[in-house]
Amino acid sequence: MNPFSSGTRLRDMIRAIRACKTAAEERAVVRKECATIRAAVSENDQDYRHRNLAKLMFIHMLGYPTHFGQMECLKSIASAGFPEKRIGYLGLMLLLDERQEVLMLVTNSLKQDLNHTNQYIVGLALCALGNICSAEMARDLAPEVERLLQFRDPNIRKKAALCSIRIIKKVPDLAENFISPAAALLKEKHHGVLITGVQLCTDLCKVSTEALDYFRKRCTEGLVKVLKDVVNSPYSPEYDMSGITDPFLHIRFLRLLRILGQGDADASDCMNDILAQVATKTEPNKNAGNAILYECVETIMSIEDNSGLRVLAINILGRFLSNRDNNIRYVALNMLMKAIAVDAQAVQRHRATILECVKDSDASIRKRALELIFLLVNESNVKPLTKELIDYLEVSDQEFKEDLTAKICSIVEKFSPEKQWYIDQMLKVLSEAGNFVKDEVWHALIVVISNAPDLHGYTVRALYRAVQTSGEQESLVRVAVWCIGEYGEMLVNNVGMLNIEEPITVTESDAVDVLEIAMKRHTSDITTRAMSLIALLKLSSRFPSCSQRVKEIIVQHKGGLVLELQQRSIEFNSIIERHQNIRPALVERMPVLDEATYSGKRAGSLPPTVSTSTGSSLNLPNGVAKPPAAPLVDLLDLTSDDAPAPSSSDGDFLQDLLGVDLAPIPSLSGTSQAPPSGTDVLLDLLSIGTPPPVQTNPSTPIISSPSQNSQTSVAPLERLSSLSSPLSTQVSSPAGASPIVDLLDGLSPSLSMPDNKAQESNFSDNNGLVYPSIVAFQSGSLKMMFSFSKPPGNPQTTIIQATFTNMSSNVYTDFIFQAAVPKFVQLHLDPASSNSLPASGNGSVTQKFRVTNSQHGQKPLAMRIRIAYKVNGQDVLEQGQINKFPAGL
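Residues numbered from 1 in each chain as written. Predicted model: local features only at pLDDT ≥ 70, side-chain atom pairs only at ≥ 80, totals over all residues. Heavy atoms only, no water.

**What to know about the overall build of the protein**
Moving on, step 1. Summing up its helical and strand segments, the protein has 38 helices and 14 strands in all.
Moving on, step 2. Among the 889 residues that make up the protein, the fraction classed as buried is 51%.
Moving on, step 3. Taking all contacts inside the protein whose residues are at least 6 apart in sequence as the whole, residues at least 24 apart take part in 68%.
Moving on, step 4. Of the accessible surface of the protein, which amounts to about 40700 Å², a share of 50% is contributed by carbon and sulfur atoms. (Helix = DSSP H or I, 4+ residues; strand = E, 2+ residues; numbered from the N terminus. Buried < 20%, exposed > 50% of the residue type's maximum accessible area, 1.4 Å probe, protein only. Contact = heavy atoms within 4.5 Å. Areas by Shrake-Rupley, 256 points an atom, 1.4 Å probe, with all protein chains shown as cover.)

What follows is the structure, encoded as structure tokens:
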């Protein structure tokens, strides 16, 4: 016999395919067999049609196309015999899906078979309909399926219920037709019919609120009674599994009760007793029992409040955490994370067990337990929990240290009760895993240290001790280098000793040794070495006896390959050699860093905090409250163009102080603030003042930030009145290296910063066109007017003066106006005339800003504004969008 004739049995074809040694041979065998089947199809060979369909299904499962056999399935379904129908329906479910147009041709055959006198043929039709039913077929055949829900045979009722689930998912409008038949199935004694009936009711509740109300009012008590009978039923070999009667039915009932009890107090009260019974009587020794207990816990946590039941449910989860099975512990941790929002106090009782899970060998359990611990921390337990986590940090795996340190740092920053405790814990983390913490962590630590003057001596001594034993931790070394540079004399003289400290003897040479080691260690990166050079420059003034040694260390980098270090070395050496009379003023201790401002800049890099639209204050970890930071996002998104990445060559200069803000900081004006350049770089570099921010536009003069006083940078510059060469009062390029070299080689006795009044006169040069004023924004209590003018010969630029009027009876304080523009517009804001807005319109605040439309005449101006202020100590935030500007702008 030809091995590929139509009469070849399926097993022979499978044997021939398996005997193939290459994919090419397999394709050849399949190709020949498909050709033979095509020939039989064209000849309408009815004798071997069922055998050909079986071969096609196997070929289909191998991944080869079998569309040419779809009509053979329909012919087999239309035949009278049960064997032909069975193979036809099987082929229909495998070779076709609901998207095939040919499926429309089988609807009539399905309808006939659903009304067939042979219940087995009816079962075949229900199976096929339940698998490939489309929306059109559902509408046509729903009456037959609804009728079969009351069929005499339980197997047909079960299949009809499963088919009904498919129908209501495809056509939710038909759900109301199945509500009453589905409710009748809940009284069934046959477990197979009962479990499908419960599932049908569950899906009906999901797609129809009418069905949900119906089952809540009429079926809740019946469901509770049936579940109680199942729980208390005697041993039944047919349904028993690990000593539990039909655990699958238990779970289906619990899921339906969860839906019925959610948001309904009466239904929840009705099922409280049975849930308590399931939770207490189910044996947790087997997986089946644990599955039922888990569903019971999830149901208890979802229905309306019952504190006793919830404590019982959380205790069950606590027992799950002691289970040896990792899967059970993992789902318990997941459920406890949801339970915290419901009853955090009950979860707190299992804190010790959860802490043990943090030390588990399974990585997924460790991470989930760590997330749960993070949610459990509050002001009352932060100290013991942090201690446990830091103790575990010492012995944890290397791959887990990064996640663990991130969580510990977040906890300490968010909940620290006092600055000394905060500093102690952060030093422990840096000593154990300093190489795993992010830059923002040690940046924030330096800011907190700067704001704790009574702890400066304590901190620098603690850092000195830590760096002796953990000098390989890069972040720890950076903080230590910075503190020794700032407070080195306090380290040597034991200034500010606390009662808890032990005396320590450190000489000036020892302090310089720390910096020299940090410079020479091969693992130190450019940031650490640059910070060490800054610290050495400062110590050269504070430790005169070590000045020559410091100079020798600095000079070693004059010929270095790293340009940044080479430049610093040359400049600092020039200061030591040629400007000793002004060196103490240049290297004075840094002013106190503003915590609220720094935290606002790094919004998004710390753990997420709750921000409300009302602008309520957020609490920093050290107890200092700050207004909520505006999200650093593109407020407009008016165009689809990608914003060009800002760049600046001065990113490293701000890092001279802290190593922070290397990337440009996005601002609400739609631009990015680059690190300071020119004169500001000198002031930052020498730590003698806090200059105003500089806009990124190179051609823009130095302008004070609208939120700062323009006179804050005058005093530091007056200290340089004895210098010897002129200093330019305007920075025209962001490149900071060359101006600094010039300044160090020859300085003049006269220095001045740009005057805000002079800048304002530039902005108010409105000899050009004048446009009518508009009411740009108005709320119930605040009004903002815009008046416009254009300088002559520059149609792209518009000078706008905003006038703000307070129409309420309360004074607005801490007034801040911010604006964002599209990417094709440049925006420059002047400082506001005041940060206080008088009440009842008795005065106004004015603020000028300049916009330059690079696509003037092609695209109109558009602007999104945000106004923040305080009323009776409460933060208020108002925002809006302005799209209608006068024509010609």
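Next comes the rest of the description.
**Things to note about the environment of V297**
Moving on, step 1. By secondary structure assignment, the location of V297 is in helix α16 (residues 287-302).
Moving on, step 2. Sequence separation between V297 and A276 is 21 residues, and the spatial gap between their C-alpha atoms is 9.9 Å.
Moving on, step 3. With sequence-adjacent residues up to four places away left out, V297 is seen in contact with A313, I316, L317 and M335.

**Some thoughts on the pairing of strand β12 (residues 844-853)**
Moving on, step 1. The pairing of strand β9 (residues 797-806) with β12 spans 9 bridges and is classified as antiparallel. Looking at β12, one finds that T805 is bridged to S844.
Moving on, step 2. Summarising the sheet, strand β11 (residues 825-829) and β12 pair through 5 bridges and their orientation is antiparallel. Along β12, the bridge assignment pairs L827 with V851. (Pairing = 2+ DSSP bridges.)

**Here we look at the confidence of the model for the protein**
Moving on, step 1. On average, residues of the protein carry a pLDDT of 79, and 80% of them reach 70 or more.
Moving on, step 2. Low pLDDT (under 50) marks residues 1-5, which in the prediction has 10 contacts with non-local residues, meaning those over four places away or in another chain.
Moving on, step 3. Between residues 604-768, whose pLDDT stays under 50, and residues either more than four places distant or in other chains, the model counts 300 contacts. (pLDDT = per-residue confidence, 0-100.)

**Digging into the nonpolar core**
Moving on, step 1. Of all hydrophobic cores here, the largest spans 209 residues; its most connected members are L92, F215 and I354.
Moving on, step 2. The element best represented in this core is helix α27 (residues 474-493), accounting for 12 residues.
Moving on, step 3. Setting aside chain neighbours within four positions, we find I354 in contact with L321, L333, L336, V347, A369, L372, I373 and L376. (Core = buried A, V, L, I, M, F, W, Y, C linked by side-chain atoms within 4.5 Å.)

**Regarding the sheet that holds strand β14 (residues 874-882)**
Moving on, step 1. Overall, antiparallel pairing links the 3 strands, which are arranged β10-β13-β14 in an open sheet. Only two strands of the sheet have a single neighbouring strand rather than two, namely β10 (813-820) and β14. Adjacent strand axes in the sheet meet at a mean angle of 15 degrees when their direction is disregarded.
Moving on, step 2. The pairing of β10 with strand β13 (residues 863-871) spans 6 bridges and is classified as antiparallel. Across the sheet, I816 pairs through a bridge with A868, a residue of β13. (Axes fitted to C-alpha atoms, helices over the stretch in contact; angles between N-to-C directions.)

**Section: the environment of S475**
Moving on, step 1. Note on placement: S475 falls in helix α27.
Moving on, step 2. Here the alpha-carbon distance between S475 and D439, two residues 36 residues apart in the chain, equals 7.7 Å.
Moving on, step 3. With near-sequence residues (within four places) excluded, S475 lies in contact with L430, G434, V437 and W442.
Moving on, step 4. For S475, the side chain forms a polar contact with the main-chain oxygen of G434, separated by 2.8 Å. (Polar contact = N/O pair within 3.5 Å; in protein donor to acceptor, adjacent residues only side chain to side chain.)

**A look at a nonpolar patch on the surface**
Moving on, step 1. A contiguous nonpolar surface patch, about 280 Å² in accessible area, is contributed by M61, L90 and L94.
Moving on, step 2. Within the secondary structure layout, L94 lies in helix α5 (residues 82-95).
Moving on, step 3. A relative accessible area of 33% means that L94 is categorised as partly exposed. (Patch = residues over 30% accessible without salt bridge, like charges linked within 9 Å, V, L, I, M, F, W, Y side chains within 5 Å. Salt bridge = Lys/Arg side-chain N within 4 Å of Asp/Glu carboxyl O.)

**What about the environment of R49?**
Moving on, step 1. Within the secondary structure, R49 is located in helix α3 (residues 49-61).
Moving on, step 2. Taking the C-alpha atoms as reference points, R49 and S76, 27 residues apart in sequence, are found 7.6 Å from one another.
Moving on, step 3. Sequence-distant contacts of R49, defined by excluding residues within four places in its chain, comprise N44, E72, K75 and S76.
Moving on, step 4. For R49, the side chain forms a polar contact with the side chain of E72, separated by 3.0 Å.

**Here we look at unusual backbone geometry**
Moving on, step 1. For D246, which is not a glycine, the phi torsion comes out positive at approximately 45 degrees.
Moving on, step 2. Along the chain, D246 falls in the loop between β2 (244-245) and α14 (247-261).
Moving on, step 3. Assessed through its relative accessible area of 10%, D246 is described here as buried.
Moving on, step 4. We note that S840 has phi near 55 degrees; this positive angle belongs to a residue other than glycine.
Moving on, step 5. Mapped onto the fold, S840 is located in the loop between β11 and β12.
Moving on, step 6. Looking at S840, the relative accessible area reads 45%, which means it is partly exposed.

**Here we look at helix α12 (residues 209-218)**
Moving on, step 1. Within α12, the full set of buried residues consists of A211, L212, F215 and R216. Angular distribution of buried residues about the axis of α12 spans 130 degrees; they occupy a single face of the element. Exposed residues pointing more than 90 degrees away from the buried face of α12 are listed as T209, K217 and R218.
Moving on, step 2. In the core, the buried residues of α12 are packed alongside α10 (175-185), α11 (191-207), α13 (220-231) and α14.
Moving on, step 3. The backbone nitrogen of E210 lies 3.3 Å from a side-chain oxygen of the residue at the head of α12, namely S208. (Arc of directions from axis to C-beta.)

**Notes on the side chain of N573**
Moving on, step 1. In this fold, N573 is placed in helix α31 (residues 563-578).
Moving on, step 2. With a relative accessible area of 5%, N573 lands in the buried category.
Moving on, step 3. Setting aside anything within four residues of it in sequence, one finds N573 in contact with K551, I554, V555 and K558.

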